[in-house]
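Coordinate analysis (summary)
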Amino acid sequence: MKQRTILREASIKGTSLHTGEEVHLTFKPAAEDHGVVFRRMDLYGKPEVRANVEHVTELVRSTTLTAGHAKVHTVEHVLSALSGLGIDNVLVELDASEPPILDGSSKHFVNLLQQAEPVEQKHDRKYFVLKEPVCVSEGNRSIIALPYDGLKITCTSADDRGIHTQHLSLDIDPETYAAQIAPARTFTIYEDIEELLKLGKIQGGSLDSAIVIKGDKILSKEPLRFKDEFVRHKILDIIGDISLLGMALKAHIVAVRPGHALNARLTAGLHEKLAAEKAGKKPAKEETKKIVAPNAKALDIRQILDLLPHRYPFVMIDRVTQIISEDELVAMKNVTINEPYFMGHFPGHPVMPGVLQLEAMAQAAGILMLRRVSSEGKIAFFMSADKIKFRQAVVPGDQLEVHVKLVKHRGMKIGVAEGTCKVDGKEVSSAELMFTIVDAAEEAGA
């Protein structure tokens, strides 16, 4: 693949989301190896800020870059459009501290760049080809980069109440990005608006530029563009934030409840890997230390929490009732009306989301693989699911029996398991799961 820029300059104007300023933004062609650079036309000397993770300074509901006295806020949608379309070299001029929010997606930036006509250049595109996992976790949020020949993003989006849980996995190329990701709009929780205003944020926000979630209601000036628009926008933000690596990435990103701070930590970890690779160094790994309940035939919740990084409300296994062999176990989840996701799924007719049954199978499979490698300081990350089937609704009062069997593994890093969920002996869901084991010490890429 060759590097790409644009044939001609193109401009757009609008209101900034957080500052509320009117701003004009212009994309201009740039030479090979120039990268993406922002130029503040409103400041003396027209200072420039390079789009690189080393310049990230603020991550409160957006990504801010700083170089010297120059700052550029909320750059993620612009960066996402450039990266999603495979444009390597461009100068972005703006006459305020923040690009326009427009409709809250990157669709208008994509349209503008397509009008400017992306063109190939002489130099080859440089890729960072990931060779081993890099992961970051924080409470019940996590994001991991896995080796992959291309760029793939698998994301699960959910709020603290478990409402509007969405899951999507896509291979990213310019055509897929423009059609499936760019139109997805930013969103916020209604209860967060007052706090954001107190922080001096969203001064230019309105229903023209964002979707507002109020309980189980969606406030928007138009219908949702996708039934899973929220998770698509999370993927849009991930693409923008990881582009701060400064080089095209070949990896499979797997994210659970990501945000800009978590994305930036992953990008920083990838940047450290890249720097170490350039220097010819390989980060050290911790030694295996101890086995959790090595001869146990069952596991209680305390032993499960010793193995899994998940915490309330994302622990989907209450007990391992039977460890049949090192490759097979049976676990149990009590489904009660107190589960937070029943507040929105669905009021008056509560049903356990299928994606959480899938999560229960994944957590059980993670326990199985973690016991197989018999290690401390390891984390199991869900990579993908295949052959998914949902056969019957699971409701409050049901006891979910989760049966998983390891059918394939590559060394001690990656495993494939078959999983089924049953209620009263009847199968309610099933899937084939792939997951990976990484060192917790590598969370920040160290």
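Values in this document were obtained by computation on a predicted structure and should not be read as measured data.

Examining the overall build of the protein chain
Looking only at helices and strands, the protein chain has eight helices and 25 strands in total. A burial count over the protein chain gives 54% of its 446 residues as buried. Pairs at least 24 residues apart make up 71% of the contacts formed inside the protein chain by residues separated by at least 6 positions. Counting every atom, the protein chain has about 19,500 Å² of accessible surface; 51% of that belongs to carbon and sulfur.

A short note on empty space enclosed by the protein
Inspection of every chain in the model, using the stated rule, returns five cavities of 30 Å³ or more. Reported here for the largest cavity is a volume of approximately 240 Å³. Together, 20 residues line the largest cavity, and Ser142, His310, Glu359, Ala380 and Phe381 are the ones closest to its centre. At the level of elements, β13 (141–146), β19 (248–256), α8 (354–373) and β22 (378–390) are the ones that each hand at least two residues to the lining of the largest cavity.

Thoughts on helix α6 (residues 260–279)
In this model, α6 (20 residues) spans 28 Å end to end at C-alpha, consistent with the 28 Å of a helix rising 1.5 Å per residue. For α6, the complete set of buried residues consists of His260, Leu262, Asn263, Ala264, Leu266, Thr267, Gly269, Leu270, His271, Lys273, Leu274 and Ala276. In this fold, the buried residues of α6 make contact with α1 (76–84), β11 (127–129), β12 (134–138), β13, α5 (229–242) and β19.

What to know about the sheet that holds strand β3 (residues 22–29)
Strands sit in the order β2-β3-β9-β4-β5 across an open sheet of five strands; the sheet is mixed. Since the sheet does not close on itself, it has two edges, and those belong to β2 (10–15) and β5 (48–50), each with one partner. Neighbour-to-neighbour, the strand axes of this sheet turn through a mean angle of 20°, independent of strand direction. Judged from the five bridges that link them, β3 and strand β9 (residues 90–94) form a sheet pairing that is antiparallel. Across the sheet, residue leucine 25 finds its bridge partner in β9, namely leucine 94.

Comments concerning the nonpolar core
The nonpolar side chains of soluble globular proteins are, as a tendency, buried together. Core analysis: the biggest nonpolar cluster contains 63 residues, and Phe27, Phe38, Leu82, Tyr177, Ile253, Leu266 and Leu270 have the highest contact counts within it. For this core, the leading source of residues is α5, giving six residues. The contacts of tyrosine 177, once residues within four sequence positions are left out, are Ser80, Ala81, Gly84, Leu85, Ser106, Val110, Ile172, Ala182, Pro183, Leu236 and Ile239. The next biggest cluster of nonpolar side chains, apart from the first, holds 41 residues, and it includes Leu307, Ala331, Val335 and Leu433.

Looking at the pattern of salt bridges
A pair can form between side chains of opposite charge whenever their charged atoms are brought close. Evaluated as defined, the whole model comprises 19 salt bridges. Here glutamate 432 and lysine 387 are joined by a salt bridge, their closest N and O atoms 3.8 Å apart. Of the two residues, glutamate 432 is situated in strand β25 (residues 426–439) and lysine 387 in strand β22; the sequence distance between them amounts to 45 residues. Overlapping salt bridges, with partners in common, bring together Lys28, Arg39, Glu48 and Glu93 in one network.

Here's the deal with the pairing of strand β14 (residues 151–157)
Judged by how many residues are buried, β14 sits mostly within the fold: seven of seven residues are covered. Sheet topology places β14 next to β19; six bridges connect them, and they run parallel. Counterpart to lysine 152 in the pairing with β19 is histidine 252. Pairing between β14 and strand β15 (residues 166–171): six bridges, direction antiparallel. Each residue of the ladder has a partner; that of serine 157, found in β15, is glutamine 166.

A closer look at the sheet that holds strand β18 (residues 217–219)
A sheet is described by the order of its strands in space; here three strands give the open sequence β16-β17-β18, paired in mixed fashion. A single partner strand is all that each edge strand has here, and the edge strands are β16 (187–189) and β18. Each strand of the sheet is rotated relative to its neighbour by a mean of 25°, with strand direction disregarded.

Some thoughts on the packing of aromatic side chains
Counted under the stated rule, the structure contains two aromatic pairs. Between the aromatic rings of phenylalanine 27 and phenylalanine 109, the centroid separation amounts to 6.3 Å while the plane-to-plane angle is 85°, which identifies the pairing as edge-to-face. Note that phenylalanine 27 is positioned in strand β3 and phenylalanine 109 in helix α2 (residues 107–116), a separation of 82 residues in sequence. No difference in accessibility class separates phenylalanine 27 from phenylalanine 109, as the two residues are buried. Judged by centre distance (4.7 Å) and plane angle (40°), the ring pair of phenylalanine 187 and phenylalanine 230 falls under tilted. Taken as a pair, phenylalanine 187 in strand β16 and phenylalanine 230 in helix α5 lie far apart in primary sequence, 43 residues in all. For phenylalanine 230, a relative accessible area of 2% gives the class buried. Between arginine 232 and the ring centre of phenylalanine 226, over which it is positioned, the NZ or CZ distance is 4.3 Å. Across the ring face of tyrosine 127, the terminal group of lysine 250 is positioned such that the distance to the ring centre comes to 4.8 Å.

Comments concerning the environment of glutamate 229
Relative to the assigned elements, glutamate 229 resides in helix α5. Looking at glutamate 229, the relative accessible area reads 0%, which means it is buried. A C-alpha to C-alpha distance of 9.2 Å links glutamate 229 and phenylalanine 187, two positions 42 residues apart in sequence. With sequence-adjacent residues up to four places away left out, glutamate 229 is seen in contact with Gln166, Pro183, Ala184, Arg185, Ile211 and Leu224.

Some thoughts on the confidence of the model for the protein chain
Averaged over every residue, the pLDDT of the protein chain is 86; residues scoring 70 or more account for 88%. Contacts from residues 283–291, a stretch scored under 50 in pLDDT, to residues over four places away or in other chains number 14 contacts. For residues 441–446, every residue scores under 50 in pLDDT, and the model assigns this stretch 23 contacts once sequence neighbours within four places are set aside.

Cut-off values and rules
Residues numbered from 1 in each chain as written. Predicted model: local features only at pLDDT ≥ 70, side-chain atom pairs only at ≥ 80, totals over all residues. Heavy atoms only, no water. Helix = DSSP H or I, 4+ residues; strand = E, 2+ residues; numbered from the N terminus. Buried < 20%, exposed > 50% of the residue type's maximum accessible area, 1.4 Å probe, protein only. Contact = heavy atoms within 4.5 Å. Areas by Shrake-Rupley, 256 points an atom, 1.4 Å probe, with all protein chains shown as cover. 1 Å grid on protein atoms, 1.4 Å probe; cavity = no way out; pocket = protein on both sides within 12 Å on 5 of 7 lines; lining within 4 Å. Points joined across faces, edges and corners; volume = space filled by probe spheres on them. Expected span 1.5 Å × (residues − 1). Pairing = 2+ DSSP bridges. Axes fitted to C-alpha atoms, helices over the stretch in contact; angles between N-to-C directions. Core = buried A, V, L, I, M, F, W, Y, C linked by side-chain atoms within 4.5 Å. Salt bridge = Lys/Arg side-chain N within 4 Å of Asp/Glu carboxyl O. Phe/Tyr/Trp six-rings, centres within 6.5 Å; stacked < 30°, edge-to-face > 60°. Lys NZ or Arg CZ within 6 Å of the ring centre and 35° of its normal. pLDDT = per-residue confidence, 0-100.

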